[in-house]
Amino acid sequence: MILETKKNKCVFLDRDGVLNKDIGYLKFPEQLIILPGVIEALKKLKEAGFLLIIVTNQSGIAKGFFYEDDLKKVHNALLEIFNKNNIYIDDIFYCPHHVEGTVEPYNISCDCRKPNTKMIKNSVIKYNIDLSKSYLVGDKDTDIQLAINAGLKSFCVKNDMYEYDKNVVPDYFVEDLAEAAEIIINISNI
Ligand SMILES: [Mg+2]
Ligand SMILES: [Zn+2]
């Protein structure tokens, strides 16, 4: 008898600018503003059987703008908001590093800062994920480059805060997570 382990499919989510309003180095839970349509989009993705994993660069820790404890409070608050809406986020991976940071031991060049792939690789191992059936939704070139590096289909939520490198092309540009979720569900049902 052959035992076959079914691999999981996952939507990897950038945090700032995708789930909550990007205010730049968000430090306090009170600063969390969930973007329109996010709750419904996450519900639909969950119902479609996707794991939901947040992957976020948080170099504010290396730069001394906030502590890792502050980040944990923000993430607990974020999860609480989603839990209240019956959405279970499977995990949050964050990179606290920056090579030009001032705070030890975070001021290093690392393998986890997007577009490096360590957060994705760790997720794959921990959750037995099939990357060919998985997606990434971000709002910056670094997110899209991460998707390319990891072999994920990518969605870029348009954001007027950033200019996009024409050489880093997402599979889809979308207005918001809701539009990305709709496309993901459509294309993964083919
Ligand atoms: Mg972002
Ligand atoms: Zn890192």
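On a predicted model such as this, the values are computed, not experimentally measured, just so you know.

Q: Please set out helix H2 (residues 68-84) residue by residue, giving values where relevant.
A: A rise of 1.5 Å per residue sets the reference length of H2, with its 17 residues, at 24 Å; its end C-alpha atoms lie 24 Å apart and thus fit the reference within 8%. Among the residues of H2, those classed as buried are Asp70, Leu71, Val74, His75, Ala77, Leu78 and Phe82. Mapping the buried residues of H2 onto a view down its axis gives an arc of 155 degrees, with all of them on the same face. Exposed residues lying more than 90 degrees from the buried face of H2 are Asp69, Lys73, Asn76 and Lys84. Where H2 is buried, its residues touch helix H1 (38-47), strand S2 (51-57) and strand S3 (91-95).

Q: Report on the coordination of the zinc ion (ligand 2), specifying residues and quantitative values.
A: Ideal values differ by geometry: the angle at a metal is 109.5 degrees with four tetrahedral donors, but 90 or 180 degrees with six octahedral donors. Each protein donor to the zinc ion (ligand 2) is listed here as Cys95 (SG), His97 (ND1), Cys110 (SG) and Cys112 (SG); together their distances run 2.0 to 2.3 Å. Coordination geometry of the zinc ion (ligand 2): the 4 donor atoms subtend angles of 103 to 118 degrees at the metal centre, consistent with an arrangement described as tetrahedral. Going along the chain, you hit the donors of the zinc ion (ligand 2) in the pattern C-x1-H-x12-C-x1-C.

Q: Residue-level account of the sheet that holds strand S5 (residues 153-157), with values.
A: A sheet is described by the order of its strands in space; here 6 strands give the open sequence S3-S2-S1-S4-S5-S6, paired in parallel fashion. This sheet does not close on itself; its edge strands, each paired only once, are S3 and strand S6 (172-174). Geometrically, the sheet is characterised by an average inter-axis angle of 20 degrees between neighbouring strands, direction not taken into account. Here 4 bridges tie strand S4 (residues 135-138) to S5, and the two strands are oriented parallel to one another. Residue pairing in the sheet places Val137 in a bridge with Phe155 of S5. Of the strands in this sheet, S2 and S3 are in contact with H2, which crosses S3 at around 150 degrees.

Q: Could you give me a rundown of helix H5 (residues 177-188), with the residues and numbers involved?
A: Helix length check: H5, at 12 residues, gives a terminal C-alpha distance of 16 Å against a target of 16 Å (1.5 Å per residue), a fit within 8%. All of the buried residues in H5 are Leu177, Ala180, Ala181, Ile183, Ile184 and Ile185.

Q: Before we move on, can you summarise the layout of surface pockets with the specific residues and values?
A: Here the largest pocket is characterised by a volume of approximately 450 Å³. Lining the largest pocket are 19 residues, and of these Asp16, Asn57, Ser59, Lys140 and Tyr162 lie nearest its centre. Only S2 and helix H4 (141-150) provide two or more residues apiece to the lining of the largest pocket. Residue classes in the lining of the largest pocket are distributed as 3 nonpolar, 6 polar and 10 charged.

Q: Describe the side chain of Asn159, with residues and values.
A: For Asn159, the location among the structural elements is in the loop between S5 and S6. A polar contact is formed between the side chain of Asn159 and the side chain of Asp139, at a distance of 2.7 Å. Apart from residues no more than four positions distant in its own chain, Asn159 is found in contact with Asp139 and Tyr164.

Calculation criteria
- Residues numbered from 1 in each chain as written.
- Chains lettered and ligands numbered in written order.
- Predicted model: local features only at pLDDT ≥ 70, side-chain atom pairs only at ≥ 80, totals over all residues.
- Heavy atoms only, no water.
- Helix = DSSP H or I, 4+ residues; strand = E, 2+ residues; numbered from the N terminus.
- Expected span 1.5 Å × (residues − 1).
- Buried < 20%, exposed > 50% of the residue type's maximum accessible area, 1.4 Å probe, protein only.
- Arc of directions from axis to C-beta.
- Contact = heavy atoms within 4.5 Å.
- Donors = N, O, S within 2.8 Å, 3.2 Å for Na, K, Ca; no water.
- Tetrahedral: all angles 85-135°; square planar, octahedral: opposite > 155°, others 65-115°.
- Pairing = 2+ DSSP bridges.
- Axes fitted to C-alpha atoms, helices over the stretch in contact; angles between N-to-C directions.
- 1 Å grid on protein atoms, 1.4 Å probe; cavity = no way out; pocket = protein on both sides within 12 Å on 5 of 7 lines; lining within 4 Å.
- Points joined across faces, edges and corners; volume = space filled by probe spheres on them.
- Nonpolar A, V, L, I, M, F, W, Y, C, P; charged D, E, K, R; others polar.
- Polar contact = N/O pair within 3.5 Å; in protein donor to acceptor, adjacent residues only side chain to side chain.

Limitation: the analysis is restricted to geometry and does not speak to function.
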